Amino acid sequence: DACFKRLRNSSSAFELVRGLKSAMESGVESSCVGSTHKTLSTQILSKTQDVLEQFSRELDAARHAFNARRRFPPTCRDQPGISGSINWVRTLFYRLRLTMRLFSASMTDQPSVKKTPLAQQVEAKFRALAKLVMNYEKQRLTAWKEEVESSMVHLTEPILTCGPNGDFVVNFNPALMRLMKEARNLERLGVDIPQEVRGVALQSEKYANYQCSLTKLLGRRRSVLNSLTPLERELLNLRIKTMNSSSIRTSCKMFNWNSLSIPQFLAACVRDLDDFEVLSKSVRANASEVERIIKDISNHDLFKPTFFTAPDQACDSFEFLSKIAAHSKAGVHSIRTMYSTIMRLLLKIEETTFGSSSGRVESIKQYYAHWEEEIYCALVNAAERAIFNIQDCFDQPSISGASAFKMKIVVHAGEITCEPPRSELVDAVHNAAKSIVENMGTLGRWMDGTCVEFPPRQNSQEENLSLSALLAIQLGQENASTRPMYDFSEEVMAHDRIQRAFTALSKSTELFE
């Protein structure tokens, strides 16, 4: 008897009461007659009242839980708000409805129990809670159907949009994803959803594939563009604009999520990106080759220490200086070959990028100017190193017992003289050093904004100054601004590093003299 005062749930208790009644009716207790049968019936009736009290407490607890959590119901992690709240309230009510059915089934042959105040109170609480649950579900569905109209509008928005940092992003509104998830979950719960929403939900996999493909496309595009150096970006700027205007920006105006030609658009974008990536790799490969050649020019030896020989094999000064002039001339000729190769590579880059090989494309004049300046710096490095190597002939007269050249010293009338005279020898050394720079006159400068060499020198003035004139002005060579420099020799000679090298050479020859 005391167990019915400590029931955990009324559902199992009603099943127990129903089982006892069935056992009595089936004649299992046929030996119980008269007062014994009546006593058992009375005890079962009293226990039914205890079960009803437990059921009443469960109804009160469910009503309290509903009122406490109706605004923020506990839902599963993968369930959206509307379907999650409906699923929660149905779960809360369906357990009580099962218990109510067991109570009604166990009291079919005892109408007097249903007429008791406790039974009527329990039925009233159950009907009130059922009414609250139904109204709550209707309110949530009404609110969701109102959101459906505003969410469906997002299907007509462009598939791509420009982000706050100027980059393109996939424009799939999160409200559409919530709408499709709600529709799928509500349909599983047996809720009748609009046909239009059902059609959108059935295409959720298609939209997910579109999102994934667009995200990968934009990620690859971002990676390709970020891999470009500032110089490459300036060179390919027109191609980037063309690619954007022909594909990416078109999607911001023509394609929305209802468009049927999104797969064709994706295929076209992939083709454009493939072509651009091939172009950028080709440009990068040619530019790397240009950098390698410029580095070879910078490291080229216009004067070699191999000119030093053993003292007994040393040549005279004229032959030694002739060797310097001949070697520097041959070195500049080799540089000329590399210089021509650079121009061919730049024309190849122009042809690959713009389809022309004139060397006069206006939009990449800064690209040409960059490489011209790099060539200029490489020539300065080569000439400076050669002049300092010549200086070493006088600063270090003996290198491992080797000699540069031999001189004839004559004593005549008490005076010591040299053949050739020391002043002529010093002038010859300076002229040999200058000839290294002057031989660079074979390297014609490019006309302004092009990679085309100036035509042979003329007396007439040119209208536009080349980069060499601008650099000379920056180095303080005002007289260079009056006329363009047609080759590298004058500009290299005017560079402050070359001037300092000649100054150091003069000091060394003064000590020699």
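**Looking at the overall build of the chain**
- Along the backbone of the chain there are 17 helices and 4 strands.
- Looking at the chain residue by residue over its 513 residues, the buried ones come to 43%.
- Pairs at least 24 residues apart make up 74% of the contacts formed inside the chain by residues separated by at least 6 positions.
- Surface summary for the chain: the accessible area is close to 27900 Å², and the carbon and sulfur share equals 52%.

**Structural notes on the packing of helix α5 (residues 117-152) against helix α6 (residues 174-188)**
- Interhelical geometry of α5 versus α6 gives an angle of 140° and a closest axis separation of 10 Å. Taken together, the axis directions place α5 and α6 in an arrangement best described as oblique. In this structure, α5 crosses over α6, and the sense of that crossing is left-handed. Judged by residue contacts, Leu141, Trp144, Val148, Ser151 and Met152 of α5 engage Ala175, Leu176, Leu179, Glu182, Ala183 and Leu186 from α6.
- Among the residues making up the contact of α5 with α6, the classes are represented as 9 nonpolar, 1 polar and 1 charged.

**Concerning the pattern of salt bridges**
- Within this structure, the stated rule accounts for 16 salt bridges.
- Notably, a salt bridge pairs Arg445 with Glu372, separated by 2.5 Å at the nearest N-O pair. Remark: Glu372 occurs in helix α13 (residues 365-395) and Arg445 occurs in the loop between α14 (422-438) and α15 (467-474); sequence separation between them is 73 residues.
- Salt bridges linked by common partners bring Asp167, Arg221 and Arg222 together as one network.

**Comments concerning the packing of α6 against helix α7 (residues 195-202)**
- The contact between α6 and α7 brings their axes to 9 Å, and the two run at 105°. Of the possible angle classes, the one that applies to α6 and α7 is roughly perpendicular. Touching Leu179, Met180, Ala183, Arg184 and Glu187 of α6 are Val197, Arg198, Val200 and Ala201, all from α7.
- Partitioning the contact of α6 with α7 into residue classes produces 6 nonpolar, no polar and 3 charged.

**Here's the deal with the nonpolar core**
- Membership of the largest hydrophobic core comes to 86 residues, with the highest contact counts inside it found for Leu346 and Tyr367.
- Ranked by residues supplied to this core, first place goes to helix α11 (residues 262-298) with 13 residues.
- Excluding residues within four positions of it along the chain, Leu346 makes contact with Val290, Tyr367, Trp371, Trp446 and Cys451.
- Judged by nonpolar contacts, the second largest core, of 20 residues, contains Met100, Leu118, Ala119 and Leu129.

**What to know about the packing of aromatic side chains**
- The full count for this structure, using the stated rule, is 8 aromatic pairs.
- Aromatic side chains Phe66 and Trp88 sit 6.4 Å apart centroid to centroid with 5° between the ring planes, which places their arrangement in the stacked category. Taken together, the residues span a long stretch of sequence, with Phe66 in helix α2 (residues 35-69) and Trp88 in helix α3 (residues 81-106) at a distance of 22 residues. Each member of the pair Phe66 and Trp88 is classed as buried.
- An aromatic cluster is present here, built from Phe66, Trp88 and Tyr136 joined pairwise through their rings.

**Some points on α7**
- Those residues of α7 lying buried are Val197, Arg198, Val200 and Ala201. Projection of α7 onto a plane perpendicular to its axis shows the buried side chains occupying an angular sector of 160°, all on one side. Counted as exposed and oriented over 90 degrees from the buried face of α7: Gln195, Glu196 and Leu202.
- Taken together, the buried residues of α7 touch α5, α6 and α8 (204-226).

**What about the confidence of the model for the chain?**
- Per-chain confidence: the chain averages 76 in pLDDT, with 69% of residues scoring 70 or above.
- Here residues 459-484 is modelled with pLDDT under 50, and outside its nearest four sequence neighbours on either side it reaches 37 contacts, counting other chains as well.

**Looking at the side chain of Thr450**
- By the element assignment, Thr450 lies in the loop between α14 and α15.
- On the basis of relative accessible area, Thr450 is assigned to the buried category, the value being 9%.

**Quick notes on the environment of Lys181**
- Note that Lys181 resides in helix α6.
- A relative accessible area of 29% means that Lys181 is categorised as partly exposed.
- The sequence separation of Lys181 and Asp78 amounts to 103 residues, and the corresponding C-alpha distance is 9.2 Å.

Cut-off values and rules
- Residues numbered from 1 in each chain as written.
- Predicted model: local features only at pLDDT ≥ 70, side-chain atom pairs only at ≥ 80, totals over all residues.
- Heavy atoms only, no water.
- Helix = DSSP H or I, 4+ residues; strand = E, 2+ residues; numbered from the N terminus.
- Buried < 20%, exposed > 50% of the residue type's maximum accessible area, 1.4 Å probe, protein only.
- Contact = heavy atoms within 4.5 Å.
- Areas by Shrake-Rupley, 256 points an atom, 1.4 Å probe, with all protein chains shown as cover.
- Axes fitted to C-alpha atoms, helices over the stretch in contact; angles between N-to-C directions.
- Parallel < 35°, antiparallel > 145°, perpendicular 65-115°, else oblique.
- Left-handed = near helix turned anticlockwise from the far one by under 90°.
- Nonpolar A, V, L, I, M, F, W, Y, C, P; charged D, E, K, R; others polar.
- Salt bridge = Lys/Arg side-chain N within 4 Å of Asp/Glu carboxyl O.
- Core = buried A, V, L, I, M, F, W, Y, C linked by side-chain atoms within 4.5 Å.
- Phe/Tyr/Trp six-rings, centres within 6.5 Å; stacked < 30°, edge-to-face > 60°.
- Arc of directions from axis to C-beta.
- pLDDT = per-residue confidence, 0-100.

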